[in-house]
Amino acid sequence: MQPAIVLASHNPDKLVELREILTAAIPKLTPEAIVDAGAVDAPDVVEDGVTFEANALKKATLTAQATGLIAVADDSGLVVDVLRRGAPGVFSARWAGTHGDDQANNNLLLAQLADIDHPHRGAAFLCAAAFATPQGERHVEFGELAGDLTFEPRGDNGFGYDPIIEIAGMGKTAAELDSATKNEISHRGKAFRALAPHLARHVAGAPGK
C-alpha cells in the first residue's frame, strides 16, 4: 500500500498518536497509510516561526511539496502562566538547549518554578495542527489542554512535558493517563480531530486510502 498521508516529523511517539487519532476520525484510513517523514525521505524543516501556527503550516507545506503527498504537521508546546509571554511556547522542545531532550526540559522548567506555589503554577498545552496538499491547499486547527505544573515528574506514559502537567480536574498528569484517554482530551487530539473533516475530503482521492 502506498502512503496517503505523511507526518512531517521523525518523532515515533507523534506518529503513534496521529495514527490512533486520524484512523478513529477518518474510518477509510488505515494506520499503514500514515507514515512519518523518514519513511518517504522527506527533508527536515527548520521550525523558525514565532507561532505554533506558522511552524505547523511551514512543515506541512514544504513536506507536501517535497513528497507529492498530503502532509500533516503540528507544532505543540507548553505555555506557563507566570513566565513572560507564555514561555516556553514555541521553544518548548529545546527549552534546555538541546532539541528533544525531554528530561532536561522538564528538569529546567521545574527548577525555574521551584519557588512558585499553587495557585500560580497554571499552564496549558497548545497545539496547531495543519495539513497541506501538493496542489497548495492548506488548513490549520487548534487545541488546548489546561493544567498545573507538578513539583516532580509523575507517570511513565506520553512524552515531552506530560509527566509534569497535572490535568485540570483529573488529579493525574498527562503521563499517568492511558493513550486512549489522553488522545480523547489532549491538545493534539482536539486539534487533529478538528482538522480531520477537512482532511477527509482530500484523503478520498489519495493513493493509499
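Sequence order as written defines the numbering, with residues in each chain counted from 1. With the structure being a predicted model, the display of local features is reserved for residues of pLDDT at least 70 and the display and counting of side-chain atom pairs for 80 or more, all residues being used for whole-chain, interface and lining totals. As a convention, hydrogens and water are excluded, and side-chain values are obtained from all of the structure's heavy atoms.

Chemist: Please provide a residue-by-residue account of the overall build of the protein, values included.
Modeler: Numbered from the N terminus, helices here are DSSP runs of H or I no shorter than four residues, and strands are runs of E no shorter than two. A count of helices and strands for the protein gives five helices and six strands. Throughout, radius of gyration means the C-alpha value; the globule benchmark is 2.2 Å times the number of residues raised to the power 0.38. Expected size for 209 residues packed as a compact globule is a radius of gyration near 17 Å; at 17 Å, the protein falls within 12% of this value. Seen along its three principal axes, the alpha-carbon backbone of the protein occupies a region of about 55 × 30 × 25 Å. Residues classed as buried in the protein amount to 48% of the 209 residues present. Throughout, a contact is declared for two residues whenever any of their heavy atoms are within 4.5 Å. Taking as baseline every contact in the protein between residues at least 6 positions apart, the subset at least 24 positions apart corresponds to 60%. Surface accessibility in these figures is a Shrake-Rupley result with a 1.4 Å probe; residues are shielded only by whichever protein chains are displayed. Per element, the accessible surface of the protein, about 9800 Å² overall, is 51% carbon and sulfur. Neither His nor the chain ends contribute to the count of charged residues, in which Lys and Arg are positive and Asp and Glu negative. Charge positions are represented by NZ for Lys, CZ for Arg, CG for Asp and CD for Glu. Side chains of the protein give 18 positive and 28 negative charges; the mean places of these two sets differ by 6 Å. Type-normalised accessible area, obtained with a 1.4 Å probe on protein chains alone, sets the label of each residue: buried when under 20%, exposed when over 50%, and partly exposed for intermediate values.

Chemist: So what's going on with the environment of Arg19? Which residues, and what values?
Modeler: Here Arg19 lies in helix α1 (residues 12-25). Judged by relative accessible area, which is 27%, Arg19 ranks as partly exposed. For the pair Arg19 and Glu144, spaced 125 residues apart in sequence, the C-alpha separation works out to 20 Å. In this structure, Arg19 is in contact with Pro31, Glu32, Ile34 and Val35, ignoring residues within four places of it in sequence.

Chemist: Tell me about the pattern of salt bridges, and please be specific about residues and values.
Modeler: What counts as a salt bridge is simple: a side-chain nitrogen of Lys or Arg found within 4 Å of a carboxyl oxygen of Asp or Glu. Within the structure shown, the criterion is met by nine salt bridges. The partner of Glu47 in a salt bridge is Lys59, with the nearest N and O atoms 3.6 Å apart. You can see Glu47 sitting in the loop between β2 (34-36) and α2 (52-67) and its partner Lys59 sitting in helix α2, a full 12 residues away along the chain. Classification of Glu47 by relative accessible area gives partly exposed; the value is 23%. Judged by its relative accessible area of 6%, Lys59 falls in the buried class.

Chemist: Explain the sheet that holds strand β3 (residues 70-80) to me, using residue names and the numbers behind them.
Modeler: Any two strands with at least two DSSP bridges between them are considered paired. As summarised here, the arrangement of the six strands in space is β2-β1-β3-β4-β5-β6, forming an open sheet in which the pairing is mixed. The sheet is open, and its two edges are formed by β2 and β6 (165-167), each paired on a single side. Across the sheet, the axes of successive neighbouring strands diverge by a mean angle of 35°, strand direction being ignored. With three bridges joining them, strand β1 (residues 5-7) and β2 adopt parallel strand pairing. Bridge assignment links Ile5 to a residue of β2, and that residue is Ile34. Axis lines are fitted to C-alpha atoms, over the contacting stretch for helices. Their N-to-C directions set the angle, which ranges from 0 to 180 degrees.

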